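So the chains spell out like this:
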Amino acid sequence: MNASELRGAAHGLPQAQPSAAASSMGSSVGALLAGLKAKSTVLFVDQSGQLGGAEFSLLPLAQAFAARGAVLLLSDGPFRERLASLGVNVSVASEARVSGISKEALRFRWLFALPAIVRQVRAIAEAAKRYDVLFLNTQKALVLGALGKPLHRRPVIWHLHDIMSTDHFGSMQLLAVKFIARHLVDHVVANSRASAQSLASLTGIPLAAIPVVHNGIDTHAFANVDSADPGTLRRRLGLPEDAWLAGLFGRLAPWKGQHIAIAALPRLPDVHLVLVGAALFGEDDYAQRLRRQALRLGVADRVHFAGFRDDMAAWMKAMDVILHTSTEPEPFGRVIIEGMAAGRPVIAAGAGGVKEIVRHRQNGWLVAPGDRRALVDAIETLRAAPELAQRLAEQALIDTQRYFSLDVYVEQMTRAIGCVSP
Ligand code: UDP
Ligand code: GLC
């Protein structure tokens, strides 16, 4: 089933009462959930206990399936608490040796971790046997969950959140994914056409067999923050009231390119940069380097490190412009649709899934990834032309409500799960 079929299939829905878990979603999602193979149950597996984009995209899905699904995490952390607070049945099966394997170190370290890997494959398979469908949300979950297929014999659906290229992954991992995607996965859903294309190129799977479902967010929550008095909002957040603020949202990691935004500041004398996010996956060195870079460039008084925040909508609303600076192609980029939904002009690095969200000069501004000068020019342009920035932001708000709503996202993902239900 391809993406347009996924969308098109919505018309033949059985009408039924929404389940309690689905009732916080739109009524169409509730009806879909209640009607779709009523007995199908789902085990979602995610390797992380941290709150990254893949985890945020799983939250509403796990919530929608709370009555007939559960989440298994391969590491503990705030994600578990967040899921539990939504009424989701969540458990953790962690193996320190497996969690410790990073993308870069994969080549050798997995050998030492072999017994732990086997234990984890078994643990996932045992858990999966209690459900009808196994939904794998991250790379390690994919490998460990799919390898156990001879044990659990459940249909496997993989939510692909990554661009499967050498920019992001080592050759061993790409090889493993190639085998697994071809032989052990029943259905893949990609978070963007860019991610789907990368998987098709890697595996030879036809693009038409990889449906794309863009992330959706609660657009109303972002639009509804009261920013009529920006001064009060900024005071509440501890931000300078009168400065021109550029906000950069997301975890601190070299490929997210926070260093590009800091490097742009000497050329933008009155602009302050607000970095919202933390080093979630061990990139503490990079976080330290960013602070040193700001000091070295003499802009430390204009860089505000806000750390990880829960109230993204308020922080985004407090900005004059929102930046996205990833130096590698971004698979999707939730922070971009969030900034757009907050009604702020967004300047984004135009590669990967970003080009499926931002139309240059229509609903945002695209710059070449890693290009500090282009970033400076874009910020200067929007700063000098507030009416242009306002026009982009207005169109962005319309586009997010039209194309990136939570209801459409959950509905399409639910349908994708329905495709593999036994
Ligand atoms: N986020 C957050 N608080 C922060 C920084 C980020 O809640 O301080 C959220 C942000 O709202 C977004 C997610 O983290 O939903 C990041 O997702 P994105 O797809 O942009 O990037 P990823 O980290 O998945 O590569
Ligand atoms: C991944 C990607 C990010 C995407 C998110 C949700 O974490 O890095 O670009 O937005 O998943 O699909």
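- You'll find the chain entered in an unreviewed UniProt entry as Glycosyltransferase family 4 protein, with Paraburkholderia kururiensis given as the organism.

Brief notes about the sheet that holds strand β5 (residues 156-160)
- Strand order in this open sheet of 6 strands is β3-β2-β1-β4-β5-β6, and the pairing throughout is parallel. Pairing within the sheet leaves two strands with one partner each, and these edge strands are β3 (90-92) and β6 (187-190). Across this sheet, the average inter-strand angle for adjacent strands is 20 degrees, counted without regard to direction.
- Pairing analysis gives 3 bridges linking strand β4 (residues 133-136) to β5, with the strands arranged parallel. Looking across to β5, one finds that Leu136 is bridged to Trp158.
- Lying on the sheet, helix α7 (residues 114-128) is in contact with β1 (42-46), β2 (69-73) and β4; it crosses β1 at an angle near 155 degrees.

A look at the site of ligand 2
- Taken together, the residues surrounding ligand 2 are Gly53, Ala54, His161, Asn191, Asn215, Trp255, Glu330, Pro331, Phe332, Gly333 and Arg334.
- Contacts to ligand 2 include Asn191, whose side-chain N or O atom sits 2.9 Å from an oxygen atom.
- One nitrogen or oxygen atom from the side chain of Glu330 is found 2.5 Å from an oxygen atom belonging to ligand 2.
- Protein chains shield 92% of the accessible area of ligand 2, which is 310 Å² for the free molecule.
- For the shell around ligand 2, the per-class residue count stands at 4 nonpolar, 5 polar and 2 charged.

Some words on the nonpolar core
- By size, the foremost hydrophobic cluster in this structure holds 41 residues, and its most contacted members are Leu43, Val45, Trp158 and Leu199.
- Examining the composition of this core, we find that 6 residues originate from one element, α7, more than from any other.
- In contact with Val45, not counting residues within four places along its chain, are Leu72, Leu74, Ile124, Leu134, Phe135, Leu136, Asn137, Thr138 and Ala141.

What to know about empty space enclosed by the protein
- Counting across every chain of the model gives 3 cavities of 30 Å³ or more.
- Here the second largest cavity is characterised by a volume of approximately 50 Å³.
- Lining the second largest cavity we find Ile260, His324, Thr325, Ser326, Ala349, Val367, Ala368, Pro369, Gly370, Asp371 and Leu375.
- Its residues placed into classes, the lining of the second largest cavity shows 6 nonpolar, 4 polar and 1 charged.

With respect to helix α18 (residues 372-384)
- Between the first and last C-alpha of α18 there are 18 Å, a value that for 13 residues agrees with the 18 Å anticipated at 1.5 Å per step.
- If you check which residues of α18 are buried, you get Ala374, Leu375, Val376, Ala378, Ile379 and Leu382.
- The N-capping residue of α18, defined by a side-chain oxygen 3.2 Å from the backbone nitrogen of Arg373, is Asp371.

A short note on the layout of surface pockets
- Its boundaries defined by the atoms lining it, the second largest pocket holds a volume of some 250 Å³.
- Those elements giving two or more residues to the lining of the second largest pocket turn out to be α13 (230-237), α18 and α19 (386-403).
- Top element by residues in the lining of the second largest pocket is α19. It accounts for 4 residues.
- Grouping the amino acids of the lining of the second largest pocket by side-chain chemistry returns 10 nonpolar, 2 polar and 5 charged.

Quick word on the packing of aromatic side chains
- As enumerated under the stated definition, the model contains 4 aromatic pairs in all.
- Here the aromatic cluster, defined as three or more aromatic residues joined through ring pairs, consists of Phe44, Phe65 and Phe135.
- The ring of Phe305 has Arg291 sitting right over it, with the charged end atom 4.1 Å from the ring centre.

Description of the sheet that holds strand β11 (residues 346-349)
- Taken in spatial order, the 6 strands of this open sheet run β9-β8-β7-β10-β11-β12, and their pairing is parallel. Sheet topology places β9 (303-307) and β12 (365-367) at the edges, where each strand pairs with a single neighbour. The mean inter-strand angle of the sheet, taken between neighbouring strand axes irrespective of direction, is 25 degrees.
- With 2 bridges joining them, strand β10 (residues 321-323) and β11 adopt parallel strand pairing. When the bridges of β11 are listed, Ile322 appears paired with Val346.
- Against the sheet, helix α17 (residues 334-341) makes contact with β7 (244-249), β10 and β11, and its axis sits at roughly 165 degrees relative to β11, the strand it touches most.
- Strands β7, β8 (271-276), β10, β11 and β12 of the sheet are contacted by α18, whose axis makes an angle of about 160 degrees with β12.

A closer look at the pattern of salt bridges
- Summed over all chains, the structure comprises 13 salt bridges.
- The salt bridge partner of Glu95 is Arg119, with a shortest N-O separation of 2.9 Å. Of the two residues, Glu95 is situated in the loop between β3 and α5 (96-99) and Arg119 in helix α7; the sequence distance between them amounts to 24 residues.
- Under the relative-accessibility criterion, Glu95 is labelled buried at 17%.

Side note on the site of ligand 1
- Close to ligand 1 lie 17 residues; Gly53, Arg251, Lys256, Arg309 and Glu338 are nearest.
- Between ligand 1 and Arg251 there is a distance of 2.7 Å, counted from an oxygen atom to a side-chain nitrogen or oxygen.
- A distance of 2.6 Å is found between an oxygen atom of ligand 1 and a side-chain nitrogen or oxygen belonging to Glu338.
- A total of 540 Å² of accessible area belongs to ligand 1 in isolation, and the protein chains cover 91% of it.
- In terms of residue class, the shell around ligand 1 is built from 6 nonpolar, 5 polar and 6 charged.

Conventions used here
Residues numbered from 1 in each chain as written. Chains lettered and ligands numbered in written order. Predicted model: local features only at pLDDT ≥ 70, side-chain atom pairs only at ≥ 80, totals over all residues. Heavy atoms only, no water. Pairing = 2+ DSSP bridges. Helix = DSSP H or I, 4+ residues; strand = E, 2+ residues; numbered from the N terminus. Axes fitted to C-alpha atoms, helices over the stretch in contact; angles between N-to-C directions. Contact = heavy atoms within 4.5 Å. Near = heavy atom within 4 Å. Polar contact = N/O pair within 3.5 Å; in protein donor to acceptor, adjacent residues only side chain to side chain. Areas by Shrake-Rupley, 256 points an atom, 1.4 Å probe, with all protein chains shown as cover. Nonpolar A, V, L, I, M, F, W, Y, C, P; charged D, E, K, R; others polar. Core = buried A, V, L, I, M, F, W, Y, C linked by side-chain atoms within 4.5 Å. Buried < 20%, exposed > 50% of the residue type's maximum accessible area, 1.4 Å probe, protein only. 1 Å grid on protein atoms, 1.4 Å probe; cavity = no way out; pocket = protein on both sides within 12 Å on 5 of 7 lines; lining within 4 Å. Points joined across faces, edges and corners; volume = space filled by probe spheres on them. Expected span 1.5 Å × (residues − 1). Phe/Tyr/Trp six-rings, centres within 6.5 Å; stacked < 30°, edge-to-face > 60°. Lys NZ or Arg CZ within 6 Å of the ring centre and 35° of its normal. Salt bridge = Lys/Arg side-chain N within 4 Å of Asp/Glu carboxyl O.

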